[in-house]
Amino acid sequence: MAEGESGRLLVLGGSWFLGRAAVTEALARGWSVTTFRRGRSGADIPGVELIRGDRTDTGDLARLASAGPWDLVIDTSGYVPREQGEVARALKPVAERFVFVSSVSVYARWPLEPLTEASEVLECPPDAGPDFGYDGDPGPSVYGFTKAGCEQAVLEVFGADRTVILRPGVMLGPYEYVDRLPWWLRRMSRGGRVLAPGSPDKEIQPVDVRDVATFALAAPSGVFNVTGTSVSTGDFLGRCREVAGPSAELVWVTDDRWLIDQGVRQWTELPLWRTHAGAWSVDSSAAIAAGLRTLGYGRTIADTWAWMQAGGVGVGDDGRGVERRLGPAKEAAILGTWAARELDHCG
Ligand SMILES: NC(=O)c1ccc[n+]([C@@H]2O[C@H](COP(=O)([O-])OP(=O)(O)OC[C@H]3O[C@@H](n4cnc5c(N)ncnc54)[C@H](OP(=O)(O)O)[C@@H]3O)[C@@H](O)[C@H]2O)c1
């Protein structure tokens, strides 16, 4: 099968955000799709062959392999290197190519510096357990170390010729469970004075989950950063306001340092606000040259809002997506202090 054509696809996961998008995009492109999961998160998509099992169970993996072969495997749910090695070894005889979904968190200097695929990666052995590494502030993280170990585990088994490593930055879109864009949209729809953090000119580069999914289906072997086209925070939050809460008023608190000193935690309390120089400076030109296309932030925002209006809830049953966000009382207090400070500066 030539790259970019449809065939038999196995998605490990497939019911949840990126995995779900991969299944949806693949079915639309004529792939015959199998999904493998335990049956706990999300819902199955009609039209796929379902195999229930646990990726940490070697017996389940052997049963899965007996249902092959597949032209392509997309693995969105690998986090533990030694388990990743088991998955890869079980599937090697029955899978032509393996796409492993990693993260920009594998870079030793994320989010401090601009990054390319040649930037230094955290070191983690391919047989490491779930707790390898350590959490720093602002990085690195156990998550980044272990994703790096998972990359090694897949490469060791499938080899560079049959492996695609995708390193997405922040992904947004329908079915998002981290509650980043859904939080902003809910905040706009509540109306009133909305704390907009940092400079409106600051560029961010979230990628639509469907763009990552489409790229995963056709990407050539190799390692690719996958981020979206840069957009200013002003344009992005402005569109959120237009779509979800036109009566809301964006109040730009342009002094990052001041906002941090008020005790507002970037990234978690106010999603997408991150001041470090490398957070939104990830080079995805290799992926673009290899076929990555972007729907654009307008579609991401509109479609996520439409999904929410239809009853979509981003927070997972397993508790993911419940990072503490900025509450109304703290927001109002900070905006009051900011307004007084601005008056002082004028006077
Ligand atoms: N969110 C972001 O902005 C971002 C940024 C960079 C990278 N990433 C990466 O992108 C990926 C996101 O993927 P995602 O949201 O689609 O998937 P995910 O949340 O990692 O995986 C969930 C899927 O895997 C299945 N699953 C979980 N544990 C399993 C087990 N033990 N055995 C079998 N199946 C299991 C779940 O179904 P069951 O529970 O039914 O088994 C579900 O279908 C992750 O790898 C993440 O690290 C995310």
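All values reported here derive from a predicted model rather than from experimental measurement.

Draft legend 1. Spotlight on the domain arrangement of the chain. Under the domain assignment used here, the chain contains domain 1 (1-168) and domain 2 (173-206 + 229-279 + 296-347). Placing a centre on the C-alpha atoms of domain 1 and another on those of domain 2 gives a separation of 30 Å. Contact residues are listed per partner, giving 10 residues for domain 1 and 14 residues for domain 2. Roughly 1,100 Å² of surface becomes buried between domain 1 and domain 2 when both sides are summed, with 61% attributable to carbon and sulfur atoms. When the buried surface of domain 1 facing domain 2 is broken down by residue, Trp16, Phe17 and Trp110 rank first, second and third, together holding 52% of it. Remark: the boundary between domain 1 and domain 2 carries 0 salt bridges. When its residues are assigned to classes, the side of domain 1 that touches domain 2 shows 8 nonpolar, no polar and 2 charged.

Draft legend 2. Seen up close, the environment of leucine 166. Along the chain, leucine 166 falls in strand S6 (residues 163-168). As a C-alpha pair, leucine 166 and valine 207 span 41 residues in sequence and 13 Å in three-dimensional space. Ignoring anything within four residues of it in the chain, the contact list for leucine 166 reads Val99, Phe100, Val101, Ser102, Ser103, Val212, Phe215, Ala216, Phe224 and Val226.

Draft legend 3. Structural context of the pairing of strand S4 (residues 70-75). Where burial is concerned, most of S4 is hidden: 5 out of the 6 residues are buried. Two elements, strand S1 (residues 8-12) and S4, share 4 bridges in a ladder whose sense is parallel. Looking across to S4, one finds that leucine 10 is bridged to valine 73. As paired elements, S4 and strand S5 (residues 95-101) share 5 bridges and run parallel to each other. For isoleucine 74, the partnering residue across the bridge sits in S5 and is valine 99.

Draft legend 4. How the structure looks around the environment of arginine 29. Positionally, arginine 29 belongs in the loop between helix H1 (18-28) and strand S2 (32-37). C-alpha separation for the pair arginine 29 and serine 6, spaced 23 residues apart in sequence, amounts to 6.8 Å. Setting aside residues no more than four positions away along its own chain, arginine 29 makes contact with Ser6, Thr214 and Leu217. One polar contact links arginine 29 to glutamate 25, side chain to side chain, over a distance of 2.8 Å.

So, how was this worked out
Residues numbered from 1 in each chain as written. Predicted model: local features only at pLDDT ≥ 70, side-chain atom pairs only at ≥ 80, totals over all residues. Heavy atoms only, no water. Domains from an automatic or database assignment. Contact = heavy atoms within 4.5 Å. Buried area = accessible area lost by both parts, 1.4 Å probe. Salt bridge = Lys/Arg side-chain N within 4 Å of Asp/Glu carboxyl O. Nonpolar A, V, L, I, M, F, W, Y, C, P; charged D, E, K, R; others polar. Helix = DSSP H or I, 4+ residues; strand = E, 2+ residues; numbered from the N terminus. Buried < 20%, exposed > 50% of the residue type's maximum accessible area, 1.4 Å probe, protein only. Pairing = 2+ DSSP bridges. Polar contact = N/O pair within 3.5 Å; in protein donor to acceptor, adjacent residues only side chain to side chain.

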